[in-house]
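Structural characterization, general
Chain residues, written in single-letter form:
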Amino acid sequence: MNAPTFDITRRTFLAGTGALVVSFTIPLEASAQEGEVPTAPKPPAKLQGSLADTPSLDAWIRIDADGKITVFTGKAELGQGTKTSLRQIAAEELEVAPREIHLITADTAITPNEGYTAGSQTIQNSGTAIRYAAAQVRQILIAQASGKLGVPADQLKAENGKVIAPNGASVGYGELVSEQMLHIEADPNTKIKSPDSYHAIGKPFARVDIPGKVTGGEAYVQDMRPEGMVHARVVRPPSYSAKLVELDETKIKTMPGVIAIVRDGDFLAVVAEQEFQAVKAMRAMTAIAKWQEQAVLPDQEQIPAWLEANVREVGTVTSVGADTAAGVKTLSAQFTRAYQMHGSIGPSAAVAVFKDDALTVWTHTQGVYPDRKAIAQMVGMPEDKVRCIHTEGSGCYGHNGADDAAADAALIATTLPGRPVRVQWMRDQEHLWEPYGPAMLTRANATLDEKGTIVNWHYDLWSNNHGTRPGSAGSLIAGRLMAKHFPPDAAKLQISPLGNGDRNAIPLYDVPNQRVNWHFLADMPLRVSALRGLGAYCNVFSIESFMDELAEAAGADPVEFRLRHMKDPRARKVIEVTADKFDWNNDPLPAGKGRGFAFAKYKNHAAYLAIALEAEVDAETGIIQISHVVSAVDCGEAVAPDAIVNQTEGGILQSMSWTLYEAVHFNNTRITSPDWSAYPILRFSAVPDSIEVHVVDNPGQPYLGVAEAAQGPTGGAIANAFKHATGKRLYDLPYTRERVKTTLGA
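The residue numbers shown here count from 1 along each chain, following its written sequence. Whole-chain, interface and lining totals are the exception, using all residues; otherwise, since this is a predicted model, local features are given only for residues with pLDDT of at least 70 and side-chain atom pairs are given and counted only at 80 or more. Excluded from the side-chain calculations are hydrogens and water; all other atoms, namely the structure's heavy atoms, are used.

Focus on the overall build of the protein chain
Secondary structure assignment for the protein chain yields 18 helices and 25 strands. The quantity called the radius of gyration is restricted to C-alpha atoms. Its globule counterpart is 2.2 Å times the number of residues to the power 0.38. For a compact globule of 746 residues, the expected C-alpha radius of gyration is about 27 Å, and the protein chain comes in at 28 Å, within 12% of that figure. With the C-alpha coordinates of the protein chain rotated into their principal frame, the extents come out at 85 × 75 × 50 Å. Among the 746 residues that make up the protein chain, the fraction classed as buried is 59%. Throughout, a residue-residue contact means that at least one pair of heavy atoms, one from each residue, lies within 4.5 Å. Pairs at least 24 residues apart make up 79% of the contacts formed inside the protein chain by residues separated by at least 6 positions. Using a 1.4 Å probe, accessible areas were evaluated by the Shrake-Rupley method; residue-level cover was limited to the displayed protein chains. Put simply, the protein chain shows about 29,600 Å² of open surface, and 50% of that area lies on carbon and sulfur atoms. Residues scored as positive are Lys and Arg, those scored as negative are Asp and Glu, and His as well as the terminal groups of each chain are ignored. Where a charge lies is defined by one atom per residue type: Lys uses NZ, Arg uses CZ, Asp uses CG and Glu uses CD. Here the protein chain contributes 70 positive and 85 negative side-chain charges, whose respective centroids are spaced 2 Å apart. In DSSP terms, a helix is any run of H or I states spanning at least four residues, a strand is any run of E spanning at least two, and both are numbered starting from the N terminus. Using a 1.4 Å probe on the protein chains alone, a residue whose accessible area is under 20% of its type maximum counts as buried, one over 50% counts as exposed, and one in between counts as partly exposed.

Quick word on unusual backbone geometry
Here the residue pair Pro-470 and Gly-471 is connected by a cis peptide bond, since its omega of -5° sits within 30 degrees of zero. A cis geometry characterises the amide bond from Leu-733 onward to Pro-734, with omega recorded as 0°. When you line up the elements, Pro-734 lands in the loop between strand E25 (732-733) and helix H18 (737-744). Residues other than glycine seldom take positive phi values, yet Glu-95 does so here, at roughly 55°.

What about the pairing of strand E24 (residues 690-695)?
Regular strands show a simple pattern: their side chains alternate between the two faces of the sheet. DSSP calls a pair of strands paired once it identifies at least 2 bridges connecting them. Direction of pairing for strand E23 (residues 623-634) relative to E24: parallel, over a ladder of six bridges. Within E24, the position partnered with Val-633 by the bridge is Val-695.

A word on the nonpolar core
Counting residues in hydrophobic clusters, the biggest one holds 89 residues, and the most contacted among them are Trp-457, Leu-550 and Tyr-735. Sorting elements by how many residues they give to this core places helix H13 (residues 536-553) first, with nine residues. In contact with Trp-457, not counting residues within four places along its chain, are Asn-445, Ala-446, Pro-507, Val-511, Asn-513, Gln-514, Arg-515, Ile-543, Phe-546, Met-547 and Leu-550. Among the nonpolar cores identified, the runner-up in size contains 62 residues, and Ala-260, Val-423, Trp-425 and Met-524 belong to it. Throughout, nonpolar core names a set of buried Ala, Val, Leu, Ile, Met, Phe, Trp, Tyr and Cys residues whose side chains join them through atoms within 4.5 Å.

With respect to helix H9 (residues 368-379)
Under the convention used throughout, the expected extent of a helix is 1.5 Å for every residue step, that is, one less than its residue count. For H9, spanning 12 residues, the distance from its first C-alpha to its last is 16 Å, which sits close to the expected 16 Å at 1.5 Å a residue. With 10 of 12 residues buried, H9 is to be regarded as a mostly interior element. Looking at H9, one finds that the buried residues are Val-368, Tyr-369, Pro-370, Asp-371, Arg-372, Ala-374, Ile-375, Ala-376, Met-378 and Val-379. Where H9 is buried, its residues touch strand E15 (358-363), strand E16 (386-390), helix H10 (402-413) and helix H12 (477-481).

Describing the sheet that holds E23
With respect to topology, four strands assemble into an open sheet ordered E21-E22-E23-E24, the strand pairing being mixed. Bordering the open sheet on either side are strand E21 (593-601) and E24, each of which pairs with just one other strand. The sheet shows a mean angle of 15° between the axes of neighbouring strands, taken without regard to direction. Between N-to-C directions, angles span 0 to 180 degrees; the directions come from axes that are lines fitted to C-alpha atoms, helices contributing only their stretch in contact.

Some details on the pattern of salt bridges
A side chain of one charge can pair with a side chain of the opposite charge if their charged atoms are brought near each other. A side-chain nitrogen of Lys or Arg and a carboxyl oxygen of Asp or Glu constitute a salt bridge if their distance falls within 4 Å. For the structure shown, the criterion picks out 32 salt bridges. Taking the shortest distance from any N to any O, the salt bridge between Lys-213 and Asp-209 comes out at 2.7 Å. According to the relative accessible area criterion, Lys-213 is partly exposed, its value standing at 22%. Given the relative accessible area of 8%, Asp-209 is considered buried. Residue Arg-562 is joined to Glu-544 by a salt bridge in which the shortest nitrogen-to-oxygen separation is 2.8 Å. Note that Arg-562 is positioned in helix H14 (residues 558-564) and Glu-544 in helix H13, a separation of 18 residues in sequence. Using a relative accessible area of 0% as the deciding quantity, one classes Arg-562 as buried. When its relative accessible area of 1% is taken as the criterion, Glu-544 is described as buried.

Details of the sheet that holds strand E2 (residues 69-72)
Here we have three strands laid out as an open sheet, ordered E1-E2-E3, and mixed in their pairing. Taken across any chain shown, the strands that pair with only one partner, and hence form the sheet edges, are strand E1 (61-63) and strand E3 (101-104). Neighbouring strand axes in the sheet, compared pairwise and without regard to direction, differ in orientation by 20° on average. Note that E2 and E3 share four bridges and pair parallel. Pairing of Ile-69 across the sheet is with Ile-101, part of E3. Contacts between helix H3 (residues 82-94) and the sheet are confined to E2 and E3, with E3 contributing the most and set at about 135° to the helix.

Quick look at the pairing of strand E20 (residues 514-521)
E20 sits mainly inside the fold: seven of its eight residues count as buried. Bridge analysis of strand E12 (residues 313-320) against E20 gives seven bridges, and the strand direction is antiparallel. Looking across to E20, one finds that Thr-318 is bridged to Val-516. Here strand E19 (residues 454-464) runs beside E20; their pairing, made up of eight bridges, is parallel. From the neighbouring strand, Asn-464 faces E20, where its bridge partner is Leu-521.

Observations regarding the environment of Cys-538
Looking at where Cys-538 falls in the secondary structure, it is placed in helix H13. For Cys-538, a relative accessible area of 0% translates into the label buried. A sequence separation of 105 residues divides Cys-538 from Ala-643, and the C-alpha atoms of the two residues are 25 Å apart. With sequence-adjacent residues up to four places away left out, Cys-538 is seen in contact with Arg-337, Met-440, Thr-442 and Tyr-459.

Shown next as C-alpha cells:
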C-alpha cells in the first residue's frame, strides 16, 4: 500500500479548478417590502445528523469542474460496510450511481470531526448529514441550471450527473460549479427524496472494501509499505505495575539491521531495517530487560465481591413510579460477566512519519481527532502539526490496541525524522495490553401481580466507566510508560441517553414502577475500555434471562410474556416476526435440547432486534451447540440490507463467542491470557447450521444504528435455551464447559 503524500491539507485539497458547495438563504427582513413589519420568525429548524456540529456544506460535498463528486465523512470503515453505504446515500440524493461517488473517510486534515466511529451511529449521524447535504447540493444545481437553460426549476430533473430539461437539453454538474469555493451553511429545511423514487438506497451493491480483503490485497494499515519505511517493535513490561530497573543495550545495538533503541522511562522499542530483524531484537531485549513487579491484582474468583467493595458512588439511571408495589410473587437474581477482550485477529499496527516539524500517523483508531489530541499532548506538539489518517485494521469494534499502536509509532517516529516507522504488535502484546471489556455484576428484582404482570422492577449494576478512549495522553500506553508519565484520565459517573456501563439497563418493557441504579467504580484492577456494546451486552443478558424467569413464574410462554409487557408497535413487530419465522412453539424437544428467545432495542433508541435459537447441551462434555438461529431487526430505513444482515450475523457470532468461551484470566500480578489457547474464541466448528436475519424495513423513517444490536439479545437467548434444555440456569458469563458440567453435576 502506497502512503499518500505527507503535505495534503483540506485547503490544498479543496483548491481546485472549481467546486460547488453553496446555498442561498434570504433573511426574512430582506424579503419584506419597505414600511412593512416582518412576521416574527419561527424558531430555527434543527440541522440533521452531524450537520448540527459541522453545518458547512463544503465539509461534506465537493463537485469539481470535471464533474467529479467527492463526499467526506468523519466516520471510519471498520468492516461494517460504511464505504459502500455512505456512497449509496450520497448517490441517491445526487442522482448518480454509487460508483461515481469518491468517498474520503476520517482524516484530521480533510474530513469533518465526527468524534468516534462507535455506538452504531455512522449511518444515523454521518449518513443523515451526507444525505441532507447532498439533497441541498442537488437542489442548488437544479436552481443554477434553471438560469442557464432558461427553464423553470420545477421542470428540471437531475440524472446521471446532469440536469435535464423536458426538451432534452442538459447541463453537467461540472459545468454548473462556481469558479470560487463558497462556504455556506446547510439549510435544515431541505427536502429529501421519497422512498418511492429510490434508485440506490435499499438496493444491493457489492461492498467496495471486500476485494482487497478476500484476495490478500493491500487492505489494512498492516499492509502499508511507504518508501524508506523502517520496522519497530515495542517491549512491554511483564505487568501493569512493573518498573524497568536494568537494561544493557550493548548487545541489542550490534544486532543485524538495528537502527535505534528508543527508551523513555519504562517505554522501550527497537527499530530495524527489516521486520524480522526488529522481531529478533525485540525478543533479545525482552530477555535482557529486568523489571520490578508488584502483586496488586485481586483474586479473580472474588471479582463480584471486589466490585461491591469498591463502589465510589451510586447513580440513579431511572426512577419511575412507586418504590414498591404490591403483588403475589417476587423474584430476584444475580448475574456476572468476566473481563473480556476484543481479540482482534490481526494485532494492532500503525505507521508514522515525522517530517518538516509535522507528524503524520496512519492508524486504525476509531477516532482520528481524539487520537490526534492525545498524541499531540504526548509528544509535545501543537495539534495542527499532527495529522491522523484512518486506515483500516484487521480487527476492530471497540477500543482495542489501535490508539496505543498509533502512539507507539508516533513517539518512535519523532526520534527518526524523515523515516516512516511501522509498528506492529505481537500477539501476546495484543492480548495482554489491549483495554478489556469490563467485568460486571448485576442484580434484578421484580414483583408479579395475580395476573402475571410485572408491577415492580429494581435493577442494580456494578461497573466502571466503559469508555477510556483518548482522552489525554494518559489514555495511551506510551504516555503512561514515558518518563514524563501522563496519568490516566479521572473516571466520572456520567448517565446519559447513550448509556455507558448502564447502557440498556432500563428495560423497554412496560413496567409502572422502576428503579435502576449504577453502582459506579472509579478504578478497575485491569485496564478497561469500550468493547462492542459497552454495558448493553451484560445488561440485556441479565434482563432477558430474568424475563424468562418471570415468565416461568407467571406460567406464561416467554414470547407471549414479552408481548404482554410491550406497547411499542415496532418492538412488537420484530418479536412477532422472529417468533413466526422461527416457528416458535411449546412442543417438547428431545432431551438436552432447548429453545431460547430474547429482545432489546439497542440503547433504547437505536435498532430493535429479537432473536430465537435452538441449543443442544451435552452434559458429559459441557459443550453447548447452537444449531438454528432466527433474528428480525428494524433499524429504520434500510440503506443497505445486505450490510444489515452481515452486521447482525457477525454480532450474533461474536456474542456467541463471548457467551460460551471468553474470559480474561489473571493472577495477583499478571494477566495470564497471552494467546488463543489461554483465551479461546468461537471456532468454525461451533458456527450454527443456519442463521436467518430478517430485515424489517421502514422506508422514510430515520436511520437507527444496527451494528451492536445483536450482542445482548444473543447472550440472553443462549441463556434461556440452556435453561429450557437443562432445567437449570447459568447466571455467570461465560458458559464454559467447566461451568456447564459443574452446574449440571456431570
